[in-house]
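# Topology and contacts: notes
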Amino acid sequence: MPSTRRDRAAGEGAERDVLDLGGYVPYFLTAISNTWSRSSSRLYLERFGIGVTEWRVMSQLAIEPGIPAQRICEVIALDKGAVSRSAAALVAAGHVAERPDTRDARRQLLELTASGYVLHDQLIALATAREQLMLEGFSPQERAQLIDFLRRMQARLPALRDFVPPSGERG
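Anyway, here's the lowdown on the structure attached to this text.

Along the chain, the regular secondary structure elements total seven helices and five strands. Shown N-terminal to C-terminal, the secondary structure of the chain runs as helices and strands in the order β-β-α-α-β-α-α-β-β-α-α-α. Overall, the chain is about 65 × 40 × 35 Å in size when its C-alpha atoms are taken along their principal axes. Intrachain contacts of the chain at a sequence separation of at least 6 include 41% that bridge at least 24 residues.

Written out as structure tokens, the structure is:
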């Protein structure tokens, strides 16, 4: 399915390419991601007093205890400032502890505390229930295929970040 269609410009009579949102993959990724994040953040704030960014930080710390904030940025592709603010809020709330990195005195390593693991366990149950709701009606094979497609797209991210359009083209 093509991602553009020919359309008449308003009041000009000329035709030009416009996005066909029904076939434009970035539209779907953005709409799904934005809705997922906003609704998650609202729910997590109401139930647990933390937002989706704090949850993402906590989930990565459960996977890799004792890592620096920079590692979280790398894995979940979040802005350094957002991770720093979230980590500071979680430390202040007692859900995350900081300790000096013995290999680099300028860095702090982060890990969940006992209360952080309790909160993590409550959040992961809610997060996975929401994932199941989103994937309802998909067969196990379709879920595996979707994950495969997403992994392949993720593997293309370095090329996307490094993309420079040829001279004369706008990006």
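It is worth spelling out unusual backbone geometry at this point. In this structure, Ala77 takes a positive phi of about 55° despite not being glycine. Along the polypeptide, Ala77 turns up in the loop between helix 3 (69-76) and helix 4 (80-92). You can call Ala77 exposed: its relative accessible area is 67%.

For helix 5 (residues 114-134), with 21 residues, the first-to-last C-alpha span of 30 Å sits near the 30 Å given by 1.5 Å per residue. Buried within helix 5 we find Gly116, Leu119, His120, Leu123, Leu126, Ala127 and Arg130. Considered in projection along helix 5, the buried side chains sweep an arc of 140° and stay on one side of the axis. The inward-facing, buried residues of helix 5 abut helix 1 (25-48), helix 2 (52-63) and strand 5 (104-112).

Looking now at the packing of aromatic side chains. A ring pair, where both rings are aromatic, is described by two values, the distance of the centres and the angle of the planes. A complete count under the given rule lists two aromatic pairs for this structure. Relative to Phe28, the ring of Tyr27 has its centre 5.2 Å away and its plane inclined at 65°; by these criteria the two rings are edge-to-face. Directly above the ring of Trp36 sits Arg130, whose terminal nitrogen or CZ lies 5.6 Å from the centroid.

The antiparallel open sheet is built from three strands, whose spatial order is 3-5-4. Only two strands of the sheet have a single partner each, and these edge strands are strand 3 (67-68) and strand 4 (96-101).

For the rest of this paragraph, the subject is the environment of Val18. The residue Val18 is located in strand 2 (residues 15-19) in this model. On the accessibility criterion, Val18 (25% relative accessible area) is partly exposed. Through-space distance from the C-alpha of Val18 to that of Thr4 is 5.3 Å; in sequence the pair is 14 residues apart.

In this section: the pattern of salt bridges. Scanning all chains against the criterion turns up seven salt bridges. Note that Glu74 is salt-bridged to Arg71, the shortest N-O span being 3.6 Å. Of this pair, Glu74 and Arg71 both sit in helix 3, three residues apart, which is roughly one turn of that helix. Notably, a salt bridge pairs Arg152 with Asp148, separated by 3.2 Å at the nearest N-O pair. Separated by four residues within a single helix, Arg152 and Asp148 lie in helix 6 (residues 140-155), roughly one turn from each other.

Cut-offs used in this document
Residues numbered from 1 in each chain as written. Predicted model: local features only at pLDDT ≥ 70, side-chain atom pairs only at ≥ 80, totals over all residues. Heavy atoms only, no water. Helix = DSSP H or I, 4+ residues; strand = E, 2+ residues; numbered from the N terminus. Contact = heavy atoms within 4.5 Å. Buried < 20%, exposed > 50% of the residue type's maximum accessible area, 1.4 Å probe, protein only. Expected span 1.5 Å × (residues − 1). Arc of directions from axis to C-beta. Phe/Tyr/Trp six-rings, centres within 6.5 Å; stacked < 30°, edge-to-face > 60°. Lys NZ or Arg CZ within 6 Å of the ring centre and 35° of its normal. Pairing = 2+ DSSP bridges. Salt bridge = Lys/Arg side-chain N within 4 Å of Asp/Glu carboxyl O.

Read these as spatial facts, not as claims about activity.
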